[in-house]
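Architecture and fold: a report
What follows is each chain in one-letter form.
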Amino acid sequence: MVSVRLQGPHGGRTVPLGTTCTFDVEAPDEETWSAFVRYENVLYPTPVAADRQGTGQVSFFPECPGDYELDVTWTGREGDRGIARCPLSIDGGKAMSLSPIRARADGHFHVWAPTGWDGLHVNRYEHAALAAVRRTVKAGAAAYDIGANLGLYTLPLLQLAGASGMVYAFEFNPVCVTCLQATLKEAHYRNGVVIPVAIGRSDGTLDATINYGSTAVGITAVSGFFAAKVGAPVTVPCLRLDTAIERFSLRPPDFVKVDVEGAEAMVVEGMEQTLARHRPILLFELHGRGAAQATLQRLEPFRYTFEDLDSARRADSAVRFMEGLPERPVQVICVPR
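What comes next is a walk through the structure. (Residues numbered from 1 in each chain as written. Predicted model: local features only at pLDDT ≥ 70, side-chain atom pairs only at ≥ 80, totals over all residues. Heavy atoms only, no water.)

Right, let's talk about the pairing of strand S21 (residues 304–308) for a bit. S21 sits mainly inside the fold: four of its five residues count as buried. Note that S21 and strand S23 (residues 329–336) share five bridges and pair antiparallel. Its bridge partner lying in S23, Thr305 is registered against Val335. Remark: five residues form the turn of the hairpin made by S21 and strand S22 (residues 314–315), two consecutive strands paired antiparallel; Ala312 in that turn has positive phi of roughly 65°. (Buried < 20%, exposed > 50% of the residue type's maximum accessible area, 1.4 Å probe, protein only. Helix = DSSP H or I, 4+ residues; strand = E, 2+ residues; numbered from the N terminus. Pairing = 2+ DSSP bridges.)

What follows is the structure, given as structure tokens:
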């Protein structure tokens with residue numbers, strides 16, 4: 001028989017949001033076990049531990065509030081089977097709806113969000129970057145939103161570009177695509193197109209992880225923390241931006257925003273022809289120093305000036321800009337010199 005217990009002083013099994021949950025699994029040496037996470041009635045098929053034997057530990061990081069359960073399935077030497085369960089609740093400090101909601105974003109417009117938790121966050125972040133977008137994008141511009149998510153940038157870009165402009169929103173998470181489609185339909189924009197592909201370094205497919213409580217995706221093996229997120233695996237089509245522009249006859253970009261959870265350098269690698277030919281203004285969310293260094297070094301040959309939108313610090317080279325860059329996500333606008 002196998003048993004599983006949550007570590008720590010969580011007697012009622014209620015854990016604060018932002019806590020890594022670690023479990024002790026007790027099992028005889030002759031029994032093999034695997035551990036799976038269940039979140040609000042959705043069982044994620046990728047195990048957080050697989051084919052282990054004997055006593056061990058399992059950890060995962062729940063990134064949104066709600067009811068979870070660790071299910072440990074086991075098989076004995078004689079072929080007998082069973083399951084041990086450990087339920088827990090993640091407390092986010094506010095009740096969360098699991099129904100789609102229409103959420104107000106940046107005080108100016110509404111977007112459809114798949115859950116109350118996602119809706120709660122669309123108005124919390126990125127105010128400095130959105131202000132920079134409004135200063136930068138002009139009427140008639142062609143703007144690209146790579147990693148569009150729920151459209152926090154897509155709608156402002158549509159407003160700024162106007163009827164003579166064009167906005168292309170690239171988003172591969174099918175949950176987000178459905179919400180984006182509903183948002184654009186409701187807002188009556190005809191110069192916005194959602195393209196459900198990933199943008200990366202090569203043409204083919206991309207392996208990623210999604211869950212059903214947060215729209216943040218994990219891109220396998222390239223995006224740091226997000227690569228290890230708990231959730232369901234998906235394989236999606238992936239194109240270089242250079243390929244997408246040619247294949248779909250897109251208008252060349254005047255402005256490109258990129259937020260791809262740590263895979264920014266991959267996007268740059270796949271858009272080098274576009275950078276050389278069209279010299280668009282770029283807005284990146286860079287996820288930590290490693291992602292920042294890889295991205296900025298790839299941009300260096302194309303002669304951009306970099307500005308940290310939080311601190312207003314500017315530099316004309318990647319080396320100088322990296323000096324003092326914090327180990328956290330930063331938003332950087334890049335203007336061709």
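Right, picking up where we left off after that structure.
Read across the open sheet, the eight strands follow the order S14-S13-S12-S19-S20-S23-S21-S22; overall the sheet is mixed. Every interior strand has two partners, whereas the edge strands, strand S14 (192–195) and S22, have only one. When S21 meets S22, the two strands line up antiparallel, connected through two bridges. Looking at the pairing, Phe306 lines up with Ala315 of S22. Along the sheet face, helix H8 (residues 289–299) touches strand S20 (281–287), S21 and S23 and points at about 155° away from the line of S20. (Contact = heavy atoms within 4.5 Å. Axes fitted to C-alpha atoms, helices over the stretch in contact; angles between N-to-C directions.)

This part is about the packing of helix H2 (residues 127–136) against helix H3 (residues 154–161). Contact geometry of H2 with H3 gives a least axis separation of 10 Å together with a crossing angle of 20°. Taken together, H2 and H3 sit at an angle that is classed as roughly parallel. Where H2 crosses over H3, the two elements pack in a sense that is right-handed. Side by side, H2 and H3 meet where Leu130, Val133 and Arg134 of the first sit next to Pro156, Leu157 and Leu160 of the second. (Parallel < 35°, antiparallel > 145°, perpendicular 65-115°, else oblique. Left-handed = near helix turned anticlockwise from the far one by under 90°.)

Moving on, we come to empty space enclosed by the protein. Scanning all chains against the criterion turns up two cavities of 30 Å³ or more. Size it by volume and the largest cavity reaches roughly 50 Å³. Lining the largest cavity we find Glu126, Ala129, Tyr153, Lys257, Val258, Asp259, Leu283, Phe284, Glu285 and Gln331. The set of elements that each furnish at least two residues to the lining of the largest cavity consists of strand S19 (255–258) and S20. The leading source of residues in the lining of the largest cavity is S20, at three residues. For the lining of the second largest cavity, the per-class residue count stands at seven nonpolar, one polar and one charged. (1 Å grid on protein atoms, 1.4 Å probe; cavity = no way out; pocket = protein on both sides within 12 Å on 5 of 7 lines; lining within 4 Å. Points joined across faces, edges and corners; volume = space filled by probe spheres on them. Nonpolar A, V, L, I, M, F, W, Y, C, P; charged D, E, K, R; others polar.)

Strands sit in the order S1-S3-S7 across an open sheet of three strands; the sheet is antiparallel. Looking at the sheet topology across the chains shown, the edges are occupied by strand S1 (3–6) and strand S7 (56–60). Geometrically, the sheet is characterised by an average inter-axis angle of 25° between neighbouring strands, direction not taken into account. In terms of strand pairing, strand S3 (residues 21–26) meets S7 through five bridges, oriented antiparallel. Directly across from Val25, in S7, lies its bridge partner Gly56.

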